[in-house]
Each structure stands twice: as structure tokens, then as C-alpha cells.
Amino acid sequence: GAGVSQSPRYKVAKRGQDVALRCDPISGHVSLFWYQQALGQGPEFLTYFQNEAQLDKSGLPSDRFFAERPEGSVSTLKIQRTQQEDSAVYLCASSQRWGGLIYNEQFFGPGTRLTVL
Amino acid sequence: AQKITQTQPGMFVQEKEAVTLDCTYDTSDQSYGLFWYKQPSSGEMIFLIYQGSYDEQNATEGRYSLNFQKARKSANLVISASQLGDSAMYFCAMRAIIQGAQKLVFGQGTRLTINP
């Protein structure tokens, strides 16, 4: 597709449920990022992939959060045993290249709004 | 600490006027980059403009320009001839090294409302 797509756009989960959020990056983009955006705040970094390698997961708030990109394209962010504080918009972004001396702009998807009841 | 500060939670501007959105940053890196993104109510973050720390000239992209004052550590976004469609949240972000890795650090944003 022309841009980054995410699904579902909205997700309501009961506390304790597991959720999986999907991101389809722009075709050919090597780098993929996940961000968490709480209401009224700027996005905060969660994790970063270069191709299938997860190079940085320092922003994941707990071991309940897990991300993967097994074939270097589509990525899934999984949250286990969701809690109310996980309620936020989860944004995915992709970039042609990110690292070394090359930093292209990150293109963002529309996000998934997660509400945990 | 690597930090972005946007001190204007909200701004109201008349259509066709120019508007300046403030952004200050804190970094000890010599090489860094500054980005502005627009986030309309649909939620998608739209890239607007980029300024590298070594760029001597201010970046411009159509109606957007970045007023980069390195000594003051400020990177204000200027929108000329504002339009109703400019109403959105605007985020300033910095490419920074945190814990040895390059990341984008965002400010808290400014909500811009353009009045007809």
C-alpha cells in the first residue's frame, strides 16, 4: 500500500485479556518502530526493528509487552494480561533507513486505540 | 537529559495569519535532528519538516519553515498563511541518543485551532 497501515483501528479489551496489534509498513522500509501515545501526550518509543532484528526494546514498559517482525515486513505488538494503564494509542512507523549516518523521516500509521476496561 | 519542551498547550489563530509554534530542546549531542509532525483528529502523524544540527540554513517546506536557533536550543515551526485544515496537534521531536541507541523523543504537543 501507499502508507503504513494498522489493524484494528480500535480495540476494547477486558482487563486480563491478551491483545495483538498489527502493523503493515511501507513496502521496502527496513526500519519499523512502535510508539505508545497516552491521551494528551506525545508518542513514547517502545521498540525498534531493522528488518527482522529487534535492535532496541528498551521502551517496552513490562514483560507483558512483546513485539515481533519475523519476516522483516509485518510486525505484531502483543500485550498479555492487559491492564487499565495500557489504554493508549499504539502507533507504528516505518523508515527507509534509521541508523549509522542515515536518518530518513519516519512515516506513521493511523494507530490502534486500545481501551482496557 | 534528552528532552523536548513545547510550552504552548493550545493556540488560536485567525485564518490567513502566520503562526509560530515554540519548541526548545535539551541535548548534549553534537549531531542531532529536529522534526515537526502534524497529528489531525484522524490520529496519523504527518511529517512536516526536518532540520539537522549541522544545517546552516533554516529548513523550509512550502508554507512551513523552521526557525532554528542553535545557541538558544530552539526549533520553532512557522506556518505562513494559515488555513482551516491546519487545525491539529503539532509535535516537535528530536533524534537523540538514549542508552546508546538513536530514538525519536517527542514533546507534549501544541493544539492549533484556526478560526475562520
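First things first, this report covers the structure right here in the doc. (Residues numbered from 1 in each chain as written. Chains lettered and ligands numbered in written order. Predicted model: local features only at pLDDT ≥ 70, side-chain atom pairs only at ≥ 80, totals over all residues. Heavy atoms only, no water.)

Turning next to the nonpolar core. If you look at the biggest cluster of nonpolar residues, it comprises 27 residues, and the most contacted ones within it are Tyr25, Leu34, Trp36, Ile49, Leu77, Tyr90 and Leu112 of chain B. Counting residues per element, the ones that place at least two in this core are β2 (10-14), β3 (19-21), β5 (33-39), β6 (46-52), β8 (64-69), β9 (74-79), β10 (88-98) and β12 (110-115) of chain B. It is β10 of chain B that provides the largest number of residues to this core, a total of 5 residues. If sequence neighbours within four positions are ignored, Leu34 of chain B has contacts with Ile4, Tyr25, Ile49, Tyr50, Gln51, Leu66, Phe68, Ala75, Ala93 and Met94 of chain B. Among the nonpolar cores identified, the runner-up in size contains 20 residues, and Leu21, Leu60, Ala67 and Val116 of chain A belong to it. (Core = buried A, V, L, I, M, F, W, Y, C linked by side-chain atoms within 4.5 Å. Buried < 20%, exposed > 50% of the residue type's maximum accessible area, 1.4 Å probe, protein only. Helix = DSSP H or I, 4+ residues; strand = E, 2+ residues; numbered from the N terminus. Contact = heavy atoms within 4.5 Å.)

Right, let's get into the environment of Arg97 of chain A. All names here are of chain A. Inspection of the secondary structure assignment puts Arg97 in the loop between β9 (88-95) and β10 (98-99). When its relative accessible area of 35% is taken as the criterion, Arg97 is described as partly exposed. Separated by 14 residues in the primary sequence, Arg97 and Gly111 place their C-alpha atoms 21 Å from one another.

The partner chain B presents 18 residues to the 18 residues of chain A that form the contact. Each partner contributes to the roughly 1,600 Å² buried at the junction of chain A and chain B, and carbon and sulfur atoms together form 58% of this total. If you look at where chain A meets chain B, you find 1 salt bridge. Residues Asp56 of chain A and Lys103 of chain B are paired through a salt bridge, measuring 2.7 Å at the closest nitrogen-oxygen approach. (Buried area = accessible area lost by both parts, 1.4 Å probe. Salt bridge = Lys/Arg side-chain N within 4 Å of Asp/Glu carboxyl O.)

Right, let's get into the environment of Gly109 of chain A. As for its placement among the helices and strands, Gly109 of chain A is situated in the loop between β12 (107-108) and β13 (112-116). What makes Gly109 of chain A buried here is its relative accessible area of 0%. Distance from Gly109 of chain A to Ser5 of chain A, taken between C-alpha atoms, is 5.3 Å for residues 104 residues apart in sequence. Among residues more than four places away in sequence, those in contact with Gly109 of chain A are Val4, Gln6, Leu91 and Cys92 of chain A together with Gly43, Glu44 and Met45 of chain B.

It is worth spelling out unusual backbone geometry at this point. With an omega of -10°, the peptide bond between Ser7 of chain A and Pro8 of chain A qualifies as cis. Along the chain, Pro8 of chain A turns up in the loop between β1 (5-7) and β2 (10-13). Despite not being glycine, Asn51 of chain A shows a phi value in the positive range, around 55°. Structurally, the position occupied by Asn51 of chain A is in the loop between β5 (44-50) and β6 (53-56). Take Asn51 of chain A: its relative accessible area is 36%, and that puts it in the partly exposed class. For Lys16 of chain B, which is not a glycine, the phi torsion comes out positive at approximately 80°. Looking at the element boundaries, Lys16 of chain B is found in the loop between β2 and β3. Judged by relative accessible area, which is 69%, Lys16 of chain B ranks as exposed.

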